[in-house]
Amino acid sequence: APCAAPRRPASPPPHPPVGALAEDADTVQRQDGDVDDEPPPPAPLTVKQIMRLSLEFCPIWFAANYLFNASLSMTSVASNTVLSTSSGLWTLLLSAWMRLDRLTPLKLLAVAVCIGGVSMVSFSDQEESTGRDTLLGDAMSLASAILYALYCSLLKKRIGDERALAGRMPMFFGFLGLVNFVVGAPIMALWPVTGIQRFGWPQSGSMWGFLLPNGLVGTVASDRLWLLALLLSTPLIATLGLAQTNVLALLWGRLFKSTVLPHVYLLG
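Anyway, here's the lowdown on the structure attached to this text. (Residues numbered from 1 in each chain as written. Predicted model: local features only at pLDDT ≥ 70, side-chain atom pairs only at ≥ 80, totals over all residues. Heavy atoms only, no water.)

1. Some thoughts on the environment of Gln203
Rule in force here: Only runs of H or I of at least four residues qualify as helices and only runs of E of at least two qualify as strands under DSSP, and these elements are numbered from the N terminus. Think of it in three bands: residues with accessible area under 20% of the maximum for their type are buried, residues over 50% are exposed, and the middle band is partly exposed, with areas taken using a 1.4 Å probe on protein chains only. Nitrogen and oxygen atoms within 3.5 Å of one another constitute a polar contact, given that in protein one can donate a hydrogen and the other can accept it, and given that sequence-neighbouring residues count only through two side-chain atoms.
Inspection of the secondary structure assignment puts Gln203 in the loop between α8 (191–194) and α9 (205–232). You can call Gln203 exposed: its relative accessible area is 70%. Of the polar contacts made by the side chain of Gln203, one reaches the backbone oxygen of Trp201; its length is 2.9 Å.

Structure, rendered in structure tokens:
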């Protein structure tokens with residue numbers, strides 16, 4: 001009888017791709033309810049942690065705000081505002097270095113446009129102004145922008161998720177103000193003695209009318225909204241969002257104060 005041909009062993013079924021196995025496992029886990037679609041919320045910060053966070057950011061916050069406000073008396077409001085928007089560059093660089101954001105062509109283009117406007121405004125302010133401290137005021141505004149970028153990026157790095165400050169965001173700013181008062185009050189008490197700066201209460205009701213709304217709207221409400229935007233998005237988005245104040249500063253100088261701005265200034 002002729003010999004039967006040997007049978008070949010049956011080939012094993014082809015292996016499914018790794019991605020299909022992962023998708024199937026993920027589907028089964030989602031159906032069983034073992035895995036959530038979103039990561040678990042972070043543990044809320046304790047009062048001690050919030051106080052320590054305020055202590056860490058107090059020097060940077062104070063220096064950035066002091067330089068910004070001090071430069072207002074040495075340069076124009078519009079120049080101060082536009083120069084402060086250069087913080088977008090420093091925020092982008094620091095965020096990329098801390099791995100909070102990525103460098104993309106669109107972001108680099110937005111920052112380049114901002115830097116071009118800053119340069120045009122700075123040179124225009126130097127040519128048009130006759131004050132001897134204009135360059136110093138511009139330098140103080142630029143230093144304030146760098147410190148703001150450091151403050152913004154580090155705060156996002158340390159807190160991360162807005163749920164870590166759920167319901168305790170006013171506590172963070174409260175501790176920040178308390179630390180500034182306790183540390184800064186003895187130092188400022190020496191200023192009138194040394195002649196650095198004189199202190200006095202507002203002398204008219206109109207001055208109170210400017211200070212109180214500025215404290216409530218320009219400090220309390222705006223800082224809380226800014227911190228919420230920072231934690232919900234990225235430091236760069238929160239920083240470039242503040243650039244919208246340029247429009248209000250230019251409109252104020254042109255309409256209400258009848259200030260004639262040069263074409264290079266407006267283009268910048």
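2. Description of the nonpolar core
What counts, and what does not: Nonpolar cores are built from buried Ala, Val, Leu, Ile, Met, Phe, Trp, Tyr and Cys residues. Side-chain atoms within 4.5 Å join them into one set. Every residue pair with non-hydrogen atoms within 4.5 Å of one another is taken to be in contact.
In this structure, Tyr151, Leu155, Phe172, Trp226 and Leu227 are the most contacted members of the largest nonpolar core, which totals 24 residues. Those elements giving two or more residues to this core turn out to be α2 (47–71), α6 (134–159), α7 (169–189) and α9. The greatest single-element share of this core, amounting to six residues, is contributed by α7. Excluding anything up to four places from it in sequence, Tyr151 contacts Phe57, Ile60, Trp61, Phe172, Phe173, Leu176 and Trp226.

3. Quick look at the packing of helix α4 (residues 87–97) against α6
What counts here: Every axis corresponds to a line fitted to the C-alpha atoms, with the helix fit spanning only the stretch in contact, and the corresponding angles, defined between N-to-C directions, vary from 0 to 180 degrees. Take the far helix as the reference: if the near one is turned anticlockwise from it by less than a right angle, the crossing is left-handed, and if turned clockwise, right-handed.
Remark: α4 packs on α6, axes separated minimally by 8 Å, with the N-to-C direction vectors making an angle of 35 degrees. Seen from above, α4 lies across α6 with right-handed handedness. Together, Ser87, Trp90, Thr91, Leu94 and Ser95 of α4 and Leu142, Ala145, Ile146, Tyr148, Ala149, Leu150 and Ser153 of α6 make up the contact between the two elements.

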